[in-house]
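# Analysis of the macromolecular model
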Amino acid sequence: MDKILGFLEDHVEKMVVGIVAVICLWLLVTRVVLNPNAITYDRKNLSLGSIDDYVLVQARELEDVLNGRPTPPDSYNPRLAEYTGILACSVKGVNFGLGPAVPQTNPPGGTVVKEYSLPDTGRVGDVAVGHIRAVAYTPLEEVTADRAYDGSISEPNDLDFVTVQGKYDIAALYASFKDSFAGTDVKIQWRDPCLAEPVFAAVQLQRQEKNDDGIWDQWRDVPRTRIDYQRELLTIIEDARSLPPGGLTVRMMRYRDRAVQQDLLQPEAYRIASADEEWFPPLLYRQYKEIQASETLDERRRARDEENNSAGSDTTGQRRTSSTSGRISLSEGGRDGSAYTSGQTRSPTSSSRRTDRSGGAGRIQEGGRYSSRTRPSGGRAGQEDLAFYYEGLATGRDVSGKPTVENVRLELDKISITKQADLRTLEELIFWAHDDSIESGKQYRYRVRLGVFNPVAGKNQLSQRDAAHNNEVILWSEFSDVSQEVEIPRRMYFFAKGLQEAAKEVTVQVSKYVLGDWYSEDFKVRGGEVIGDLAKVEIEAPKTTADATGRTPYMGTAYMGTAYMETAYRENDLSQDAAKPKEVDYDTGAMLVDVVAVNDFVGDNTMRERHYFEMLYSYDGMLIERMPVGDRYWPDELRIVRTQINNSQREPKQPWRPWSGTGQTGQTGRTGRTTSGADEYYDEYYRSMERY
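Summary of the structure given here.

Calculation criteria
Residues numbered from 1 in each chain as written. Predicted model: local features only at pLDDT ≥ 70, side-chain atom pairs only at ≥ 80, totals over all residues. Heavy atoms only, no water. Helix = DSSP H or I, 4+ residues; strand = E, 2+ residues; numbered from the N terminus. Contact = heavy atoms within 4.5 Å. Salt bridge = Lys/Arg side-chain N within 4 Å of Asp/Glu carboxyl O. Buried < 20%, exposed > 50% of the residue type's maximum accessible area, 1.4 Å probe, protein only. Pairing = 2+ DSSP bridges. Axes fitted to C-alpha atoms, helices over the stretch in contact; angles between N-to-C directions. Core = buried A, V, L, I, M, F, W, Y, C linked by side-chain atoms within 4.5 Å. Phe/Tyr/Trp six-rings, centres within 6.5 Å; stacked < 30°, edge-to-face > 60°. Lys NZ or Arg CZ within 6 Å of the ring centre and 35° of its normal.

## Quick notes on the side chain of histidine 131
Note on placement: histidine 131 falls in strand S3 (residues 125-139). When residues no more than four places from it in sequence are discounted, the contact partners of histidine 131 are Asp160, Phe161, Val162, Tyr285, Ile438, Val486, Ile488 and Pro489.

Written as structure tokens, this is what we have:
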């Protein structure tokens, strides 16, 4: 052991030098010779100093290639002889020098080609737009050519519906077509009376939508409605080369059918289920609403007078009651809205507005397809009154001295296109188009134009001036002027009514438009909670009181001694309760973020200080919106909306109209019942009323 230690002491410096030498040799090899900083590029290991030289050499080589002369491609060797030789092996006696047959402009014999000038299609004028919000019968299945709207299964649903009306000089169109295809300026051998009769091909309705920044979007085509059973046929095709089999001749033949022209120019509207709404073209709809408003005022005045008179003359102490809004509820009148009274008779004309709500009961008036059914108000009206009423309807005489809804219907009949109507006898054509694809809370404006078939499309029979339009199937009129803006009301609002300051809990009224009526519910919401929830609708029990005779009044003062009426209403599913939803989804999608205190000043000349709270809420978690808590601090627009909703809720709920029309045999409503027996029910109802 001592020898080993002695050896280490004698040679330790040599051992240290050896170890240091090995380490230096390893560093030399790994860090210098092997180049650890080399970079792999183009499958080569290059040092940092040489990589730039390598890239430069490649760039110069590429530059030489770009500046050099292009290399000629491989020459193509024709192989037609080889191809014809292959065919000659199996096909004999074929002359391959013949080309395919090419259609000729001139028929054999050298007949001169006809040349026509295109007619002037004019412009659409007097555009008007109208919006209807109502409960309408909407189809539950797709409406097609094999399943029309009348024959489809439908149910009442809320509907926003826009109609755009225009006026067109059809007499000028016929004159222009005659001049172009059969006029004195056309050679005798070219004149063709069949070409001189225009056939309408399309009604193109376009709309713009206003963005949130107030800028109008681009024009977009409005599709035909969901209830249009001929929308596939009426698809616009503008290029003659895209026509389906049969070409232009077959297409024009199908469009000449009066039913097609009728559906194209005056398409059918939805059947309205709401008792106080009815569809009319925009200009007539305004008259309809004015008449409704006038009759509502008359009913209010008459109800007030009756109440004042009964206060002094009614010995039993009972008073007649009427709707505060002038609308007649189920408990105040007949099923169609007609009022029946005991001990006093109203003239049939005094209840014209109620009569107009029948939507199908009574006698069918002659006229266009939009003719309606009407029935005079019942009760104890004498035969003279009924005779005078029906005589007035038959002759078109105003039986009340004031315009009524029946007058508006007669005006609609005058402008309606019927199967017997001859368009050539019209000086002006009133047409319209519908839009059932609008969304609530948005603003739109419209324009419309008419198109007629180019009878020589694709035939190379146009003059040189119009030759560029050879393949145009449709000759368009100019667009109408842009219509007025249409603002579609929202179907849901919420209002911050009150606040528990300590808990920061806001009482929010959520109001939603459901099945033709407004429903409201109060919710207490805290920060982080969604405003609104699903809530059941309370159904009020029918109010019935026995009179001095012990009989229970049903429908106002009209007495029914049996349960027949209740059974009939239940079977026809048109009662007040049936018109109410069982529950309403009040979920607004907005979340309450916070409640903050606000101090500001208001006033024009004299400023006054205000202290109130604002509810902060958001729909997406990003954009924060504000609403003052308490109606004192709401904007005027919000206060007006709240008042309108509250007034609407105080009005009695009206029963829906039955599906009134022909061809609805087997038509089922939302409960699966058949509505084809509604007219029989009305007849039995009126016969029952005569006993009282």
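## Examining the pattern of salt bridges
Counted by the stated rule, this structure contains 33 salt bridges. The partner of arginine 79 in a salt bridge is glutamate 82, with the nearest N and O atoms 3.0 Å apart. With a relative accessible area of 41%, glutamate 82 lands in the partly exposed category. With a shortest N-O distance of 3.3 Å, arginine 526 and glutamate 505 are connected by a salt bridge. Taken together, the positions of arginine 526 in the loop between strand S15 (517-525) and strand S16 (534-536) and glutamate 505 in strand S14 (residues 505-514) put the pair 21 residues apart, joining distant regions of the chain. One network of salt bridges, with partners in common, ties together Glu278, Glu406, Arg409 and Arg657.

## Points about the sheet that holds strand S20 (residues 624-628)
Overall, antiparallel pairing links the three strands, which are arranged S18-S19-S20 in an open sheet. Edge positions in the open sheet fall to strand S18 (591-602) and S20, since each of these has one partner strand only. Each strand of the sheet is rotated relative to its neighbour by a mean of 30°, with strand direction disregarded. Alignment of strand S19 (residues 608-618) against S20, held across five bridges, turns out to be antiparallel. Opposite serine 618, over in S20, you have isoleucine 624 as the bridge partner.

## Topic: the nonpolar core
By size, the foremost hydrophobic cluster in this structure holds 57 residues, and its most contacted members are Trp279, Phe280, Phe494, Val508, Val510, Ile531 and Met615. Beyond its immediate stretch of four places on either side in the chain, phenylalanine 494 contacts Val508, Gln509, Val510, Ile531, Thr588, Ala590, Met615, Tyr617, Tyr619 and Met627. Formed by 55 residues, the second largest nonpolar core is a distinct cluster that contains Ile170, Ala196, Ile417 and Ala433.

## Let's talk about unusual backbone geometry
In this structure, lysine 504 takes a positive phi of about 50° despite not being glycine. The residue lysine 504 is located in the loop between strand S13 (492-500) and S14 in this model. Of note in the backbone geometry, leucine 515 takes a positive phi value of approximately 50° without being a glycine. Among the secondary structure elements, leucine 515 is positioned in the loop between S14 and S15.

## With respect to the packing of aromatic side chains
Counting across every chain of the model gives 17 aromatic pairs. Ring centres of tyrosine 285 and tyrosine 288 lie 5.9 Å apart, and the angle between their planes is 40°; on these two criteria the pair is classed as tilted. Residue tyrosine 285 and its partner tyrosine 288 are both found in helix H7 (residues 282-313); the two are separated by three residues, about one turn of the helix. You can call tyrosine 285 buried: its relative accessible area is 11%. Judged by relative accessible area, tyrosine 288 falls into the buried class, the value being 2%. Ring centres 6.0 Å apart and planes at 45° place the aromatic pair tyrosine 493 and tryptophan 518 in the tilted group. In this pair, tyrosine 493 is assigned in strand S13 and tryptophan 518 in strand S15, connecting sequence segments 25 residues apart. Above the face of the tyrosine 513 ring, arginine 133 is positioned so that its terminal group lies 5.1 Å from the ring centre. Positioned over the ring face of phenylalanine 479 is arginine 447, at 4.0 Å from the centre of the ring.

So far we have only geometry, and geometry alone does not tell us how the molecule works.
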